[in-house]
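# Structural characterization, general
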Amino acid sequence: WYFYSKQQDETPAWKKVNYQSVYKDIADLLEDEDYDDGSYGPVFVRLAWHASGTYDKKTRTGGSSGGTIRHAPEAEHGANAGLEVARRRLEPLKQKYRNISYGDLYTLAGVVGIQELGGPTIQWRPGRSDLQAEACTPDGRLPDAAQGADHVRDIFYRMGFDDREIAALVGAHALGRCHSNRSGYEGPWNASPTAFTNFFYTELLENTWVTKKWDGPKQFVDKPTGAFMMLPADMAFKTDPRFRTYIELYARDQDTFFNDFSAAFAKLLELGVKFPDDAPTYRFKPLD
Ligand code: HIF
């Protein structure tokens, strides 16, 4: 029995998890009528992206692999304000599935958020392994919403994305909202913040956007209702001619947007991750 139990112990932790079951349990955590617009999906998507978007292709550091976004100082970086809400919501699943890594849990939560809110299928692989706080990335790797196209390019080129992929990713701002007590900005990007659509592009192109008159940071609101918002960094996709070509494409062609977004978001979640050779690729079916 000694050899038997030894062999059992050598099964890597990531192989002991039923990811389909985790997917379902995350999906069950999405709805809450008392939270925001009724869904944790958007903040799960933001958590998955911020866990991953620290990747630097030159030094091959950062990314979701170590799940370091849960540790200070990374957890306290200004860009990550409010994400403890998402981590706290997911923590019971880490307790239930002891063998899942935080990096896998947080990125899978992003996949669930997109798919269950009506977005495209996002291919996903398990096998990230947790690292301690020493592996946290320095502050400043995530984008600053107050800046424009040059900055957005600097940040996403550093991760290894091109203009078309960046323009496809930004469509995720159809989901969720800004919170004045998190980023300082306020409001949703459109009228259906819990549905994954190409409305980011259609709203950006079709509305007249004017500077919001308030004490907060510079942001834009639609004229005349003022109900929807754009960040300065979002507006750059309308004014920058190379980005704008793709914005127009995705505004008129939802299928192309879904395809391009699916590939770019799957790539984002895998940046810097060295997967085990035998890690399978999952394409989870939405539950509904
Ligand atoms: Fe966001 N993003 N993001 N973002 N983001 C916010 C909210 C969300 C940027 C800034 C902000 C991406 C790119 C960029 C989501 C998903 C993605 C907020 C508001 C800010 C300031 C946070 C708050 O106050 O709660 C900038 C400058 C980006 C570069 C252009 C990604 C493409 C769009 C990579 C992406 O997937 C989601 C979802 C939210 C909504 C979160 C919520 O709690 O509802």
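Residues numbered from 1 in each chain as written. Predicted model: local features only at pLDDT ≥ 70, side-chain atom pairs only at ≥ 80, totals over all residues. Heavy atoms only, no water.

With antiparallel pairing, the three strands of this open sheet are ordered in space as E3-E4-E5. Strand pairing shows two members of the sheet lacking a second neighbour, strand E3 (208-211) and strand E5 (229-230), which therefore form its edges. Where strand E4 (residues 220-223) meets E5, two bridges bridge the pair, whose relative direction is antiparallel. Directly across from Phe220, in E5, lies its bridge partner Met230. (Pairing = 2+ DSSP bridges. Helix = DSSP H or I, 4+ residues; strand = E, 2+ residues; numbered from the N terminus.)

Another aspect to go through is the domain arrangement of the chain. Note: interface size is frequently given as the accessible area lost on complex formation between the parts. Domains assigned within the chain are domain 1 (2-141 + 266-270) and domain 2 (149-264). Computed over C-alpha atoms, the centres of domain 1 and domain 2 are 24 Å apart. Listed per partner, the contact involves 29 residues of domain 1 and 23 residues of domain 2. Summing the contributions of domain 1 and of domain 2, the shared interface buries around 2,200 Å²; its carbon and sulfur component is 59%. Summed over the shared surface of domain 1 and domain 2, the result is two salt bridges. One can count 16 residue pairs in polar contact (both at pLDDT 80 or more) joining domain 1 with domain 2. Counting residues per element, the ones that place at least two in the side of domain 1 that touches domain 2 are helix H3 (41-52) and helix H11 (254-270). It is H3 that contributes the most residues to the side of domain 1 that touches domain 2, five residues altogether. (Domains from an automatic or database assignment. Contact = heavy atoms within 4.5 Å. Buried area = accessible area lost by both parts, 1.4 Å probe. Salt bridge = Lys/Arg side-chain N within 4 Å of Asp/Glu carboxyl O. Polar contact = N/O pair within 3.5 Å; in protein donor to acceptor, adjacent residues only side chain to side chain.)

Let's shift gears to the nonpolar core. Counting residues in hydrophobic clusters, the biggest one holds 89 residues, and the most contacted among them are Ile26, Phe44, Leu90, Leu108, Phe156, Phe261 and Phe265. Among the domains, domain 1 (2-141 + 266-270) and domain 2 (149-264) are the pair contributing at least three residues each to this core. If we skip the residues at most four places from it in the chain, Leu108 touches Tyr19, Val22, Tyr23, Ile26, Trp124 and Phe284. (Core = buried A, V, L, I, M, F, W, Y, C linked by side-chain atoms within 4.5 Å. Buried < 20%, exposed > 50% of the residue type's maximum accessible area, 1.4 Å probe, protein only.)

Given a rise of 1.5 Å per residue, 12 residues ought to cover 16 Å, and the 17 Å separating the end C-alpha atoms of H3 matches this to within 8%. By the criterion of burial, H3 is predominantly enclosed, with 11 of the 12 residues buried. Looking only at H3, the buried set comprises Gly41, Pro42, Val43, Phe44, Val45, Leu47, Ala48, Trp49, His50, Ala51 and Ser52. In the core, the buried residues of H3 are packed alongside helix H2 (19-30), helix H4 (84-96), helix H5 (102-116), helix H6 (149-159) and H11. (Expected span 1.5 Å × (residues − 1).)

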